[in-house]
Amino acid sequence: MADRDDLAARAAEDPEFEAALAALLDADEATDSWTFDDVAVDTGTFGRLVEQGVVEDTGGGYRLADPEAVRAALESDATGADGTGSADGSGLAAVVSNLGLPDRSSLRGSDGPDLSAVASARGTAVGVALAVAALFVWTRAYIYRDVFRGGDVVLTANDPYFYRYQVDRLLSGSGGPLDLGALVDLPTGEPLFLAALWWVAGLAGGGQTATGAVLAWYPVVAGLATAAVVYLLGARVMDDRRVGLVAAVLLALVPTFAFRTSLGFADHHAFDYVWGAATLTVLAWVVTVDADEAFESAGLRGAGLLGVAVAGQTLAWEGSPLLFVPVAGYLAAAVPLDVVEERSPLRANGPVLAGIAAAAVLTLGAHVALGWQSVAAAVVPGVLLAGGLALAGVGEFVRRGSLSVRALVGTELAGPVVGLAVLWALVPEAVGRLLGGVGFLLFRSNVAEKEPVFTPGNAFGLEFFGVVVLLGLPVMVWALRRAALGDRQWLALSGYAWWLLFLTALQIRFAAHFAPVLAVFAAVAFVWLLARYDLAALPAPVRRPVGTDWRTATGADGGVEPAGFDRAALTLRSVAVPALVVLAVVAGGVAYLPGDVESGVVEEETYETATWMGGYADEQGLEYPDSYVFSRWGVNRVYNYFTSGVAENYSLARDSYRPFVYDDAAASARWYERLHEDTGFVVVEQLPRRDGTIQKHLYVTYGSRWAERGYDAVSHYRAVYASPAATTKVFTLVPGATVAGTAPANATVEARTTVEIPGTSFPYRQGATVGADGTYRLVVPYPGTYDLTVGNESRTVRVPESAVVDGSRVTVGG
């Protein structure tokens, strides 16, 4: 075989060769004989090592011919040619390695680090990061002109206007971003989210323009932050920079995640994803901390980060308790494993429990000091801590008493029921609100986002995830087996993945929560695919043996991870298959991503109608609630924000608009009595028409009588605007003028006039039958000159504006 000097020289010149030697030495020290699949070495390099006698065939496997020579070669390379030593995982070399740049040996000159090489490597890393960021921004912000329209910021969808209104209100009532008194008793279930928006908008100058810009760009920034956390999860926690990079790119192309983090979609969701990804990442790291170091530097640091992440997620969204089920599930699975492995459950899970304890303190402190979140949400980390401590305590008792693990599992199954019963007895209101909140999130089905994802109409999930879901699901199945064998990191990751998949199967709203962890699993699959065709080494989290310390399994600086591809393995098939996968991922994004991102864009006619109502309200001096817009639920906040700046509550529109438009036209007067005191505008849009309904009468004839077609007139709905395409029409509610006169009994009376409003003109007709006493009355909602046909006679009457607004009487011929 080659001598140690030759091996050392080649290792110094070729980082991939050095990595291969280190991987082979690790395998040789672990067992007397191993197979090619046990080591992270590409086919070409391995074949050359066998030919050169560095590796020898044992018949049933392989081993190093001279392990001491290989060890000496690696140690010689580590100390350098001049014996002064190279970087040991600290300082510049560690920074370069942590950034995912080329191995340190390729950046080393005869007199120390090659600064030009370091600068070049840094430039490469920055270039890659900028490319991924550009992909993220472009896939979310190409709708820029639909959001920034002239001087207005038109947020997408409906709910973002609620947060825009709340931030406007906070800014107008505070003395600036340092006035922390404004953060007391925030009026939403997302206090941390609202506080962050208020603070950033305040720094940006305040005012509606600054608020609109901050809310418009926040989802894109949050999406980038989530991608960065996902990269850290793959590159640092799972110890494979390729997985981290691929996961970030895949996440950029997941349609549902692109929609929820797109420009203008300023709902709370994007903020939640950052905290959710952070919680998962810290948990996946802290569970690998050795039990002996649980309360030393690494364990305490992990506990602190986990506490911040869990507290942040709790305060970011009142529905966060649903997202902590995987944490509870991890503890429920880890404690029996600890008992089986003769480890102290309290010590082994100490960092996780300490992190939850920190979160409980932070969350309850925010609730007591600032009034943030309901009691039901604020106590969740504390409840999780109590359950975890009880579970670990029982596990400790079972371990020390040499009892059956089945008793522990039985206790785990009964524990939640007993705990809920105790909590119900102590704080029934909190439990009731908690269960009510879960029911609201999971079982209320009158909105689109509560529909299931994996249905034929959604292409069984492809519409939301593209081909990424097909890549990720097989690895999720494999990870279950890995977790069952005792791999704590895969246990944490699998718990999150399968729970979020379950929630996603129930409701669309959780699909984007699932996307970050799915992207990580899909990235593992993609790198695994490259390894299948000998183009790269297996992903680090796949090749790492179960139970191996994550910090030493592949070297303290990750140096044994082979970089690049094995060019010798390039064949038509090995290139074609991964290329087809890449093409499928991109095609899925191209097919579904634009439709998802653009689905929230406010239509031009909706925007024009809303701004027109705002101008009209200003001209007429209408203040909220006299300017309230009664409209379809899905655009109600859009209309109200641009009309009055108030977009807090849409319950009236949600509960009553559909019953209103599809009620019988004869009920229009009753609806007028119900609505007129608190409603300024009624918006009627192009909807499926039903005969005899209020919607049909208003939309087709603007409330006019059309006897030939069976339309009766409505009297209290005055059309004031029609959109350019006449698909949206705006009415105000008025008492109407009463036109009265005398005529022969039983004669037919019809009043006609032409009405001109912005966008259109139309004939309005109203009719009545003369009573037995010889009098008639017609209520009309428009001022102007009316031509009356009374029997065979023609008359004229002028109806003033004041009579329409006051509901006064106008006498024909009087």
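Because the structure is a prediction, the values reported are computed rather than measured. (Residues numbered from 1 in each chain as written. Predicted model: local features only at pLDDT ≥ 70, side-chain atom pairs only at ≥ 80, totals over all residues. Heavy atoms only, no water.)

**Q** Talk me through the overall build of the protein; I want residue IDs and the actual numbers.
**A** What the protein contains, in helices and strands, is 33 helices and 17 strands. By the burial criterion, 52% of the 814 residues in the protein qualify as buried. Pairs at least 24 apart in sequence give 70% of the contacts found in the protein among residues at least 6 apart. Counting only carbon and sulfur atoms, one obtains 58% of the accessible surface of the protein, whose full area is about 34,300 Å². (Helix = DSSP H or I, 4+ residues; strand = E, 2+ residues; numbered from the N terminus. Buried < 20%, exposed > 50% of the residue type's maximum accessible area, 1.4 Å probe, protein only. Contact = heavy atoms within 4.5 Å. Areas by Shrake-Rupley, 256 points an atom, 1.4 Å probe, with all protein chains shown as cover.)

**Q** Please set out the pairing of strand β11 (residues 737-742) residue by residue, giving values where relevant.
**A** With respect to burial, β11 is a largely interior element, five of its six residues being buried. When β11 meets strand β14 (residues 775-780), the two strands line up antiparallel, connected through six bridges. Paired with A740 across the bridge in β14 is R777. Pairing geometry for β11 and strand β17 (residues 809-811), over three bridges, is parallel. Directly across from T738, in β17, lies its bridge partner R809. (Pairing = 2+ DSSP bridges.)

**Q** Tell me about the pattern of salt bridges, and name the residues and values.
**A** Enumeration according to the criterion identifies 22 salt bridges in this entry. A salt bridge links D338 to R343, with the shortest nitrogen-to-oxygen separation between them at 3.1 Å. A residue is classified by how much of its surface remains accessible, and D338, at 0% relative accessible area, is buried. In this structure, D663 and R670 form a salt bridge, with 2.7 Å as the shortest nitrogen-oxygen distance. It is possible to trace a salt-bridge network through shared partners that takes in D338, E341, R343 and R488. (Salt bridge = Lys/Arg side-chain N within 4 Å of Asp/Glu carboxyl O.)

**Q** Pulling in residues and values, what's your account of the sheet that holds strand β13 (residues 760-769)?
**A** On the basis of which strands lie adjacent, the open sheet formed by four strands has the order β13-β12-β15-β16 and antiparallel pairing. Among the strands making up the open sheet, the edge pair consists of β13 and β16 (793-799). Averaged over all pairs of adjacent strands, the angle between their axes in this sheet comes to 20°, without regard to strand direction. (Axes fitted to C-alpha atoms, helices over the stretch in contact; angles between N-to-C directions.)

**Q** Explain the packing of helix α17 (residues 350-370) against helix α19 (residues 380-400) to me, and be specific about the residues and the numbers.
**A** How two helices pack is summed up by the angle between their axes together with the distance between the axes. In contact at an axis separation of 8 Å, α17 and α19 are set at 155° when each is read in the N-to-C sense. With respect to each other, α17 and α19 are oriented roughly antiparallel. Note that α17 runs across α19; the crossing there is left-handed. Residues L353, I356, A357, A359, A360 and T363 of α17 form the contact with α19, whose own contacting residues are P381, G382, L384, L385, G388, L389 and A392. Per-class residue counts for the contact of α17 with α19 are 10 nonpolar, three polar and no charged. (Parallel < 35°, antiparallel > 145°, perpendicular 65-115°, else oblique. Left-handed = near helix turned anticlockwise from the far one by under 90°. Nonpolar A, V, L, I, M, F, W, Y, C, P; charged D, E, K, R; others polar.)

**Q** Which residues make up the sheet that holds β14, and what values do they have?
**A** Read from one edge of the open sheet, three strands run β14-β11-β17, paired in mixed fashion. Two strands in the sheet have a free side with no partner beyond their single neighbour: β14 and β17. This sheet shows a mean twist of 25° between the axes of neighbouring strands, independent of strand direction.

**Q** How would you sum up a nonpolar patch on the surface? Please name residues and give values.
**A** Side chains of Y144, W217 and V221 sit close together on the surface and give an oily, nonpolar patch of about 290 Å² of accessible area. Summarising the element assignment, Y144 is placed in helix α7 (residues 144-147). Given the relative accessible area of 40%, Y144 is considered partly exposed. (Patch = residues over 30% accessible without salt bridge, like charges linked within 9 Å, V, L, I, M, F, W, Y side chains within 5 Å.)

**Q** Now, about the environment of Q373: what can you tell me, with residues and values included?
**A** Secondary-structure assignment places Q373 in the loop between α17 and α18 (375-378). On the basis of relative accessible area, Q373 is assigned to the buried category, the value being 6%. Spatially, the C-alpha atom of Q373 lies 7.5 Å from that of E190, the residues being 183 residues apart in sequence. In contact with Q373, other than residues within four places in its own chain, are G189, P191, T314, L315, W317, E318, H367 and A378. Looking at Q373, its side chain comes within polar contact range of the main-chain oxygen of G189, at 3.1 Å. At 2.8 Å, the side chain of Q373 and the backbone oxygen of T314 are in polar contact. (Polar contact = N/O pair within 3.5 Å; in protein donor to acceptor, adjacent residues only side chain to side chain.)

**Q** Explain the pairing of strand β15 (residues 784-790) to me, using residue names and the numbers behind them.
**A** Within a regular beta strand, the side chains point alternately toward one face of the sheet and then the other, so they alternate between its two faces. Pairing of strand β12 (residues 748-757) with β15, which is carried by four bridges, proceeds in the antiparallel orientation. When the sheet's bridge partners are listed, R752 is paired in β15 with D787. Inspection of the sheet shows β15 paired to β16 by seven bridges, in the antiparallel sense. Counted as the bridge partner of G784 is V799 from β16. In this antiparallel pair of consecutive strands, β15 and β16, the connection spans two residues, and G791 shows a positive phi of 65°.

**Q** Give me a negative patch on the surface: which residues, what numbers.
**A** Side chains of D618, E619, E623, D626, E673, E677 and D678 sit close together on the surface and give a patch of like negative charge. D626 sits in the partly exposed class, given a relative accessible area of 43%. (Lys, Arg positive; Asp, Glu negative; His and termini not counted. Charge placed at Lys NZ, Arg CZ, Asp CG, Glu CD.)

**Q** Before we move on, can you summarise the packing of aromatic side chains with the specific residues and values?
**A** Within the structure shown, the criterion is met by 37 aromatic pairs. For the pair Y144 and W217, a centre-to-centre distance of 6.4 Å together with 45° between the ring planes defines the contact as tilted. Placement of the pair is Y144 in helix α7 and W217 in helix α10 (residues 207-237), with a sequence separation of 73 residues. The ring of Y699 has K729 sitting right over it, with the charged end atom 4.1 Å from the ring centre. (Phe/Tyr/Trp six-rings, centres within 6.5 Å; stacked < 30°, edge-to-face > 60°. Lys NZ or Arg CZ within 6 Å of the ring centre and 35° of its normal.)

**Q** Tell me about helix α11 (residues 241-253), and name the residues and values.
**A** In this model α11 runs 19 Å from its N-terminal to its C-terminal C-alpha over 13 residues, within 8% of the 18 Å that 1.5 Å per residue would give. Counted residue by residue, α11 has 11 buried out of 13 residues, so it is predominantly covered. When α11 is considered as a whole, its buried residues turn out to be R241, R242, V243, G244, V246, A247, A248, L250, L251, A252 and L253. (Expected span 1.5 Å × (residues − 1).)

**Q** Requested: an account of the side chain of R260, with residues and values cited.
**A** Tracing the sequence through the fold places R260 in helix α12 (residues 255-260). A polar atom in the side chain of R260 sits 3.4 Å from the side chain of H269.

**Q** Please give an account of the confidence of the model for the protein that cites residues and values.
**A** It should be kept in mind that the predicted coordinates are not to be read in detail where pLDDT is low. Averaged over all residues, the pLDDT of the protein is 84; the fraction at 70 or higher stands at 85%. With pLDDT under 50 throughout, residues 79-112 is counted as low confidence; its partners more than four residues away or in other chains account for 54 contacts. (pLDDT = per-residue confidence, 0-100.)

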